[in-house]
Amino acid sequence: MAEKAKAPKKGKKAEEEKPAAGAMLLADIPGLVADMELTDKTRLVGMVSPFRGETWAHLRKYVESNAYTGLTQSGVAMRKEGWEAMEKIFIAFPELPKLEIEGAPEKEWGRIEKSRTVSIVVRTLKDQGTSPGMKVDVREWVEGGKYTGWTKKGVRFGAEHLPLLLPLMAKITEALAKAPRPEPMVKSPEPEQAEAHE
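Now for a quick tour of the structure. (Residues numbered from 1 in each chain as written. Predicted model: local features only at pLDDT ≥ 70, side-chain atom pairs only at ≥ 80, totals over all residues. Heavy atoms only, no water.)

Some thoughts on the pattern of salt bridges
(1) Moving on: In total, this model carries 12 salt bridges according to the counting rule given.
(2) Moving on: Between lysine 80 and glutamate 84 there is a salt bridge, with its nearest N and O atoms 2.8 Å apart. Of this pair, lysine 80 and glutamate 84 both sit in helix α2 (residues 80–91), 4 residues apart, roughly one helical turn.
(3) Moving on: The partly exposed category is assigned to lysine 80, whose relative accessible area is 30%.
(4) Moving on: Judged by relative accessible area, which is 27%, glutamate 84 ranks as partly exposed. (Salt bridge = Lys/Arg side-chain N within 4 Å of Asp/Glu carboxyl O. Helix = DSSP H or I, 4+ residues; strand = E, 2+ residues; numbered from the N terminus. Buried < 20%, exposed > 50% of the residue type's maximum accessible area, 1.4 Å probe, protein only.)

Next up, the structure:
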């Protein structure tokens, strides 16, 4: 008598192979230009997209897990000029062994003005938490109004990933240079102007 084929086991490994419900696959991200691996479940992605009549560069984190697969809230966005300024900051970074000495326990390497009250700050710091070691932090700093300090808009990753960051940034810079100029925003006519055209 022929032996019946065994049904595949339903375990943790089988569950891990399933895509998360409503998952946004990496290849489906609008404006994706380049990405780099941070962990087996986390990537840093670079994108370009039109916004308010300009082309903006984005640096975001992407995760893949059973609970959620897609872009996270962690990230920064800036105009072409800001991106190029940030690229120059990272190009000037020292090699990792020297960086661990010069960048500890915390050091600001550069600041890009995004608006009158918001700047994007590039810094390094020693993380003593669950993942200790030298970290690179790119984050918005807001000043004025009711609050002055760091915001949640930013990305942080291990300094050991820096060799992969510069090629990613170069691809974004190239994409920004090739991007067609977005259509300028057309303001709605004022009420008096609207009446004049009726």
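Some remarks on the packing of α2 against helix α4 (residues 162–178)
(1) Moving on: Remark: α2 packs on α4, axes separated minimally by 10 Å, with the N-to-C direction vectors making an angle of 155°. When the axes of α2 and α4 are compared, the pair comes out roughly antiparallel. Note on packing geometry: the crossing formed by α2 with α4 is left-handed. The segment α2 lies against α4, with Lys80, Trp83, Glu84, Met86, Glu87, Phe90 and Ile91 engaging Leu162, Leu165, Leu166, Met169, Ala170, Ile172, Thr173, Leu176 and Ala177.
(2) Moving on: Grouping the amino acids of the contact of α2 with α4 by side-chain chemistry returns 12 nonpolar, 1 polar and 3 charged. (Axes fitted to C-alpha atoms, helices over the stretch in contact; angles between N-to-C directions. Parallel < 35°, antiparallel > 145°, perpendicular 65-115°, else oblique. Left-handed = near helix turned anticlockwise from the far one by under 90°. Contact = heavy atoms within 4.5 Å. Nonpolar A, V, L, I, M, F, W, Y, C, P; charged D, E, K, R; others polar.)

That is the geometry; function is a separate question.
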